[in-house]
Amino acid sequence: MTLLTSFIQQAPDTAAVHTEIPKEDNWIIHHILDHDFLKFQPIQLGSFSLDLSITNKVLMMMISGIILIVLLVWAARKNKKNVVPKGIGNFIELIIVFLRDEVVFPSMGKAGYAYLPFFFTLFFFILTCNLLGLVPFMSTATGSISITAGLALITFVMIQVLGVKNNGLFGYFKGLVPQGVPFFVLPIMIVVELLGLLTKPFALCIRLFANMTAGHVVILALIGLIFSLGYGATPISIGFALFIYVLEIMIALLQAYIFTMLSAIFIGMAVHQEH
């Protein structure tokens, strides 16, 4: 309880993400925060400075990207050689077919066929980042609000671009307001619908970030009970920590699926406004 109270009371300053917090003061916060892995001198662009330093979270994204490229290329080559997919190629194809038939097509219809690579990339990238964070001495890239916000922003851009592409600029924004709305209610509905455009990516961002951060906090807090209650609490502490760890594996898969599913639903709503 002392660790959890300390975690709540000593919330980090969001304006100083890279501020070093001594591990002995709050090691949970130190584990969750992003830290510089390779520090570069900021590039000055007039009154602005561009920091291209590689942080732990950025490094995890790079590693996830490399793992995905190697794994998926290997699976694709194995499937080309085999008449019937087997092994890792069969497993990857199983996931792809499920996403196509149970996530994308029900939300977008056959029009979603052209955008399958986007949804596949989104799912596998988030899943890899989530699982990589469960490896000891690694960090969870999706535990950074900046990264989840970037993923949500990509989905937001896809929603607007495909909505305008399929309905036209005027038709898209006109279709946001339900037909038959009384004239005096129209100003309120316009504001509500415009806010709705922003709440969709916000929900994607916060849901992924919160779920991937919460599990690590709970695991670290349970382990911390050993030091606050004494070594007699070790069996209970480790037992509950292992249970949460196994649960985190399921959550990693579930959150990648939910992010991809909601992205498909939001894009489908923008493309097929008549529904």
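These figures come from a predicted structure and were not determined experimentally.

Q: Is there a simple way to think about the overall build of the protein in this case?
A: Secondary structure assignment for the protein yields 9 helices and 4 strands. Tracing the protein from N to C terminus, the helices and strands come up as α-α-β-β-β-β-α-α-α-α-α-α-α. Sequence separation of at least 24 residues holds for 63% of the intrachain contacts in the protein that already meet a minimum separation of 6. Counting every atom, the protein has about 16,400 Å² of accessible surface; 73% of that belongs to carbon and sulfur.

Q: Can you help me understand the side chain of Q160 in this one?
A: Checked against the element boundaries, Q160 lands in helix α6 (residues 145-167). Its relative accessible area of 16% is what places Q160 among the buried residues. Those residues in contact with Q160 that sit more than four places away from it in its chain are Y172 and L197.

Q: Got a minute to help me understand the nonpolar core in this structure?
A: Within soluble globular proteins, side chains that are nonpolar generally end up buried alongside one another. In this structure, F119, L151 and I267 are the most contacted members of the largest nonpolar core, which totals 49 residues. For this core, the secondary-structure elements that each account for two or more residues are α3 (56-81), α4 (88-108), α5 (116-132), α6, α8 (186-229) and α9 (234-271). No other element matches α5, which puts 12 residues into this core. Those residues in contact with L151 that sit more than four places away from it in its chain are L122, F125, I126, L208 and F259.

Q: Can you help me understand the packing of α6 against α8 in this one?
A: Helix-helix packing is described using two parameters, namely the angle between the two axes and the distance between the axes. Close contact between α6 and α8 brings their axes to 8 Å; oriented N to C, the two are set at 150°. As for the relative orientation of α6 and α8, their crossing is right-handed in sense. Between α6 and α8, the residues in contact are I145, T148, A149, L151, A152, T155, F156 and Q160 and L197, L198, P201, L204, C205, I206, L208 and F209, respectively. Here the contact of α6 with α8 is built from residues that sort into 13 nonpolar, 3 polar and no charged.

Q: What exactly am I supposed to notice about α8 here?
A: Given 3.6 residues per helical turn, the α-helix brings residues three or four places apart onto the same face. Between its terminal C-alpha atoms α8 stretches 60 Å, which fits the 64 Å expected from 44 residues at 1.5 Å a residue. Immediately downstream of α8, the backbone of G230 shows phi near 105°, a positive value.

Q: Got a minute to help me understand α5 in this structure?
A: Compared with the 24 Å implied by 1.5 Å per residue over 17 residues, the 24 Å span of α5 between its first and last C-alpha is a close match. Here α5 lies mainly inside the structure; 14 of its 17 residues are buried.

Q: I keep staring at the environment of L186 and nothing clicks. Help me out?
A: Structurally, L186 can be placed in helix α8. The exposure class of L186 is partly exposed, given its relative accessible area of 28%. Ignoring anything within four residues of it in the chain, the contact list for L186 reads V177 and V181.

Q: Looking at this structure, I do not really get a nonpolar patch on the surface. What am I missing?
A: A cluster of nonpolar side chains, F37, L38, F40, I43, L45, F48, L50 and L52, forms an exposed patch at the surface whose accessible area comes to about 780 Å². Where the nonpolar patch is concerned, the elements lending two or more residues are β1 (36-38), β2 (43-45) and β3 (48-50). Within the secondary structure layout, L50 lies in strand β3. For L50, a relative accessible area of 37% puts it in the partly exposed group.

Q: Explanation requested: the packing of α6 against α9 in the structure shown.
A: At a minimum axis separation of 8 Å, α6 and α9 run at an interaxial angle of 25°. Taken together, the axes of α6 and α9 are roughly parallel relative to one another. Of the two elements, α6 crosses α9, and the hand of that crossing is right-handed. Here L151, A152, T155, M158, I159, L162, G163, N166 and N167 of α6 lie close against α9, whose contacting residues are F259, S263, F266, I267, A270 and V271. Each residue belonging to the contact of α6 with α9 can be placed in one class, and the counts come to 10 nonpolar, 5 polar and no charged.

Calculation notes
Numbering of residues starts from 1 in every chain and runs along the sequence as written. In keeping with the predicted nature of the model, local features appear solely for residues at pLDDT of at least 70, side-chain atom pairs appear and are counted solely at 80 or more, and the whole-chain, interface and lining totals rest on all residues. With hydrogens and water excluded, all non-hydrogen atoms of the structure serve as input to the side-chain values. Think of it this way: any DSSP run of H or I at least four residues long counts as a helix, any run of E at least two long counts as a strand, and we number them from the N terminus. Any two residues having at least one pair of non-hydrogen atoms within 4.5 Å are treated as being in contact. Accessibility throughout is a Shrake-Rupley quantity obtained with a 1.4 Å probe, and a residue counts as covered only by protein chains that appear here. The classification of residues rests on relative accessible area computed with a 1.4 Å probe and restricted to protein chains. Under 20% of the type maximum is buried, over 50% is exposed, and intermediate values are partly exposed. For our purposes a nonpolar core is just a set of buried Ala, Val, Leu, Ile, Met, Phe, Trp, Tyr and Cys residues, chained together by side-chain atoms within 4.5 Å. Interaxial angle, 0 to 180 degrees, is taken between N-to-C directions of lines fitted to C-alpha atoms, where a helix line uses only the stretch in contact. Left-handed describes a crossing whose near helix is turned anticlockwise from the far helix through less than a right angle; right-handed describes the clockwise counterpart. In this count, Pro and Cys sit with the nonpolar residues alongside Ala, Val, Leu, Ile, Met, Phe, Trp and Tyr, while Asp, Glu, Lys and Arg are called charged and the others, Gly among them, polar. Every helix has an expected span of 1.5 Å times one less than the residues it contains. What goes into a patch is any residue over 30% in relative accessible area without a salt bridge, connected to like charges within 9 Å or, for nonpolar side chains (Val, Leu, Ile, Met, Phe, Trp, Tyr), within 5 Å. A side-chain nitrogen of Lys or Arg and a carboxyl oxygen of Asp or Glu constitute a salt bridge if their distance falls within 4 Å. Relative orientations are named as follows: roughly parallel for angles under 35 degrees, roughly antiparallel for angles over 145 degrees, roughly perpendicular for angles from 65 to 115 degrees, and oblique for any other angle.

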